[in-house]
Every structure is written in structure tokens, then in C-alpha cells.
Amino acid sequence: MQQKNTRKKWRWPHIGQRMIKTSVAVFICLLILRLLGYRGETMPAEATITAIICMQPYISDTRAFAIDRFTGTIIGTIWGVIFLFLLYSFPFLSHHFMILYAVMGLGVLLALYTSIALNMPDVSGLSAIVFMCIVIQFPEIETPHLEVARRFLGVMIGTTVAITVNISQLPRTKKEDCVFFVRGKDLTPNRFSQIPPSILFFMNRLYEDGAKICIMLEHAPALFTMQMSSCQLSIPLIVMDGAAIYDTSENRYLSVQSIPTVSSACLTDWFRRQKVSYFTYTIRNNRTCIFHDGPMNEQELLVLKQLQRSPYRSYLDGENLSSESIVYFKVIAPDSELHRMKDKLQPLLRRYDLRAVVRAQASTPGVSGLYIFSKTSTPEQAQKRLMDILQIRQPNLHSVDIFSKNGYHNEHDAAVLLHRLRNAYEPVSLFDWHRS
């Protein structure tokens, strides 16, 4: 049997907007200083270094950003002037390099401390850098007042240019003909965890900017929609691991792929013969209605306490006697027991075109859930169904998957994923050539 080549094709990395803006800011700083007559001196280096440091990935409040940067420059300059005065007034402080370096270290400490005391921790690093730019050449400073003025001017030029370039927007082209699919498990470790406020803010900004984003969930939408209530979800959700499509704007299910009645009856009979308790998930009046049959074990009680906090679910004890079809079955048990049960079920699953998935239960370590769906209820099939629904209103839509390769580990991973999404939705037009 031929071995499949798993080596991935190398691609040029994306040229980000921050990289471009930093390069532009450095160019402008050098150009301004050349026009002012500064060429081979240290001032251009200080201005460009300041511009590079000041260039930030986001600007949520331009005025606050500018004030912070200017404040850091002023703090560093004031302490630089004070220490130059002390060094010239008390020559013994510079007689030995160890004493001089200790004095400079003390100046850095005071610059940092002043920033913290003013409740501006973000500018502490910049204030220390400005201070060192002023005093670093002591005692080879012939005209201290002019040197301070030059260095202050260089830092101010770098700061001003960085702010001006950072608030400007490079030409971008919005991909309004694309629907971006993002998995919920890439935004949060599990469905019981709170989505970080920064991630909610970023998501809302994308939605408000017109991005068509579909979140794909492995479970019912109840807990997720509660957390996303502040976001204007413009695209229906794919929920229950592809078994249903839920429109949050209308609070209704647009599509549900249920297990055929004959298959449900055979599964129910098998569970009873094996004396296995189980949940059945149905949808009634656009709400998830969950039935439980059989004696409830300890693991099921622990999970049930977590799920009952949601007002979007109704729990009923006893067999589902309605005519409604079952969306999926769920069995909760210790991991080892559940995997043995899945192996026993394989002949039945193949015979009735069903698929089974085992997932760990976040609220109960060592316990997993066995989910049984119709074989046609997959995330991939749900994507196709949703695209068919959306293309009725807007033909020629394209689907784009924005999935995490390594899964969720921390908030940074989710932020990186959303950056990828934003770059895919709104790429810089002048630097989009490498995508083709």
C-alpha cells in the first residue's frame, strides 16, 4: 500500500498590515530627519527605534494612544535632564564606570516607577528608553541642552510618525462574497467556559464591518448564544455537530437532520436490552427538548447540573413518546466503558447509517459522552446546506474555512485565529498578490 505524502506545501507568509505600517513609519522618519539636516548621527536611529516600538497592532482610542506615547516621552526627558544636571554638578558620580552605570540604572528605575505611579504602565518602557537615549553618551556631550533637545525631537518625531501612520488605513478589499466558517471549539476551551471579552469585542467588530461569519458548534446553541448576546450574529449557526442550522436573529432552526424513526427504534431497543441509560435530543418549538430514559447514574447527574442552568433547554424524564424525530442520542459514562460500548455498537451503526462520536465532558474529568447522529448529519454537509440557503439571497457566495491547526490552548490562540479571519476577509489590496 502506497504511503500517503503528508508533507505540506510551503507558502509565503502573509505580509501583515502592522509590518507594512512599521516599514512606512521608518521611511518617513528617515526622510523627515534628512530634510532637517540630520544624516549620520544617532538621532535618526532613535527616531526610527521609537517609531518601531510605538507601532501597535490595535488602536481602540487614538487620543488615549497619543497621550500615552507623548507622556512617556516627557517622563523620560524630564528624568534625563535631571540626571544630566546631577552628573555635571557632581563629577564624582562619573569618575568610575560602575558608579556611572549604577546612576543610569537608578534613572531607568525612576522613569519606570513614575509611569507606574501615574497609572500608565504601558508607557513605562518608552519612558525608560527616552531616558537612556538622553544620558547614554555622557560624558561625551558638549552641549547638554542641545543634546536633550535633539533627542527629545527625535523621539517626538518617531512617536508622531508612528501614531499618524498607525491610525491610517491601507487600501483593503472586503471579501463580501465569502462566508467564513469558524469552529466554536477554537474560540473557547469548552462550552462551559466564558468567551474572553477581547474575543467577543473582536468578533463584534468583524460582524459590524460586514463579515459573514458562521460559528460551528458541537453542541446545542443555548450556552453559546447567551455569551454571544452582545454580538450581531449575521449568519446562522451550525450546531449539534452539523445536525442543525440555527438562526439567532429569528430564534428558530432553519434545518434539522434527524435520525430516521426505524433507526431510533433499534437504538432505543439496544440500549434497553443492555440496561444503558441515555438522553435523546429533539427540537420542539425551536427549543432543545431533552428526554432521559433509564436510571440516571452519577456521571449523568453531574453533567445535568451544568446543563440545567440554561433557560433554552427543557429536560423531561422518561421515554420520548412524541412523534418528533430524534436529532441525536447521548450516553454518559466513564471513558473505558464508553469506548467498549462504541465497539459493540459498530454493527448497528453501519447497518442503519449512523455515526458515533466520543467527546470528553468538560465538567467531569474521566467521563465522556457518546453522541450518535445520522450519517448525513456532519459539519461538512451542514456547510453545504447553509450555503444553499444563503445563496438564495446572494448567489455566487464562497465558503472559507478558518480553522485552528493545533486547537485552543489559551486566549492568544483565539486572537491569532481571528486575525487570520480578518486578513482573509479584508486583505490589503496592494499586497494580496501572493494569495493567488
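Residues numbered from 1 in each chain as written. Predicted model: local features only at pLDDT ≥ 70, side-chain atom pairs only at ≥ 80, totals over all residues. Heavy atoms only, no water.

K.L.:
Talk me through the overall build of the protein chain; I want residue IDs and the actual numbers.
P.N.:
A count of helical and extended segments in the protein chain gives 13 helices and 12 strands. Within the protein chain, the fraction of its 436 residues that count as buried is 47%. Across the protein chain, the fraction of contacts at a sequence separation of at least 24, relative to all contacts at a separation of at least 6, is 70%. Accessible surface computed for the protein chain: about 23500 Å², of which carbon and sulfur atoms make up 57%. (Helix = DSSP H or I, 4+ residues; strand = E, 2+ residues; numbered from the N terminus. Buried < 20%, exposed > 50% of the residue type's maximum accessible area, 1.4 Å probe, protein only. Contact = heavy atoms within 4.5 Å. Areas by Shrake-Rupley, 256 points an atom, 1.4 Å probe, with all protein chains shown as cover.)

K.L.:
Which residues make up the nonpolar core, and what values go with them?
P.N.:
In this structure, Leu 187, Met 203, Ile 213, Ile 215, Met 228 and Met 240 are the most contacted members of the largest nonpolar core, which totals 45 residues. Not counting residues within four places of it along the chain, the set of residues in contact with Met 240 comprises Leu 217, Glu 218, His 219, Ala 220, Tyr 253, Ile 283, Thr 288, Val 327, Tyr 328 and Phe 373. Ranked by size, the runner-up nonpolar core spans 28 residues in total, among them Cys 29, Leu 33, Phe 83 and Met 104. (Core = buried A, V, L, I, M, F, W, Y, C linked by side-chain atoms within 4.5 Å.)

K.L.:
Break down helix 12 (residues 379-393) for me, with residues and values.
P.N.:
With 15 residues, helix 12 extends 22 Å between its outermost C-alpha atoms, agreeing within 8% with the 21 Å of an ideal straight helix rising 1.5 Å per residue. Every buried residue belonging to helix 12 is among Pro 379, Ala 382, Gln 383, Arg 385, Leu 386, Met 387 and Leu 390, and all of these are buried. (Expected span 1.5 Å × (residues − 1).)

K.L.:
Give a detailed account of the side chain of Thr 73, specifying residues and quantitative values.
P.N.:
Counting through the fold element by element, Thr 73 comes out in helix 3 (residues 62-89). When residues no more than four places from it in sequence are discounted, the contact partners of Thr 73 are Leu 126, Val 130, Phe 152, Val 155, Met 156 and Thr 159.

K.L.:
Please provide a residue-by-residue account of the environment of Met 132, values included.
P.N.:
Locating Met 132 in the fold gives a position in helix 5 (residues 124-135). In this structure the C-alpha to C-alpha distance between Met 132 and Gly 76, which are 56 residues apart in sequence, comes to 8.0 Å. Those residues in contact with Met 132 that lie beyond four places of it in its chain are Met 104 and Val 108.

K.L.:
So what's going on with the pairing of strand 9 (residues 328-334)? Residues and values would help.
P.N.:
Remark: a regular strand shows side chains that alternate across the two faces of the sheet. Of all seven residues making up strand 9, six are buried, and the element is well covered by its neighbours. Taken together, the three bridges between strand 6 (residues 278-284) and strand 9 define a ladder with antiparallel strand orientation. Across the sheet, residue Phe 279 finds its bridge partner in strand 9, namely Lys 330. Relative to strand 11 (residues 367-374), strand 9 runs antiparallel, the two being bridged by six bridges. Paired with Phe 329 across the two strands is Ile 372, which belongs to strand 11. (Pairing = 2+ DSSP bridges.)

K.L.:
I'd love a proper account of the pattern of salt bridges, names of residues and values included.
P.N.:
Under the criterion given, the structure shown has nine salt bridges. Residue Asp 186 is joined to Arg 183 by a salt bridge in which the shortest nitrogen-to-oxygen separation is 3.1 Å. For the salt bridge of Arg 359 with Glu 218, the shortest nitrogen-to-oxygen distance reads 3.2 Å. Of this pair, Arg 359 sits in strand 10 (residues 354-360) while Glu 218 sits in the loop between strand 2 (212-216) and helix 8 (222-227), placing them 141 residues apart in sequence. Judged by its relative accessible area of 25%, Glu 218 falls in the partly exposed class. When salt bridges that share partners are traced, they join Lys 185, Glu 218, Asp 241, Arg 355 and Arg 359 into one network. (Salt bridge = Lys/Arg side-chain N within 4 Å of Asp/Glu carboxyl O.)

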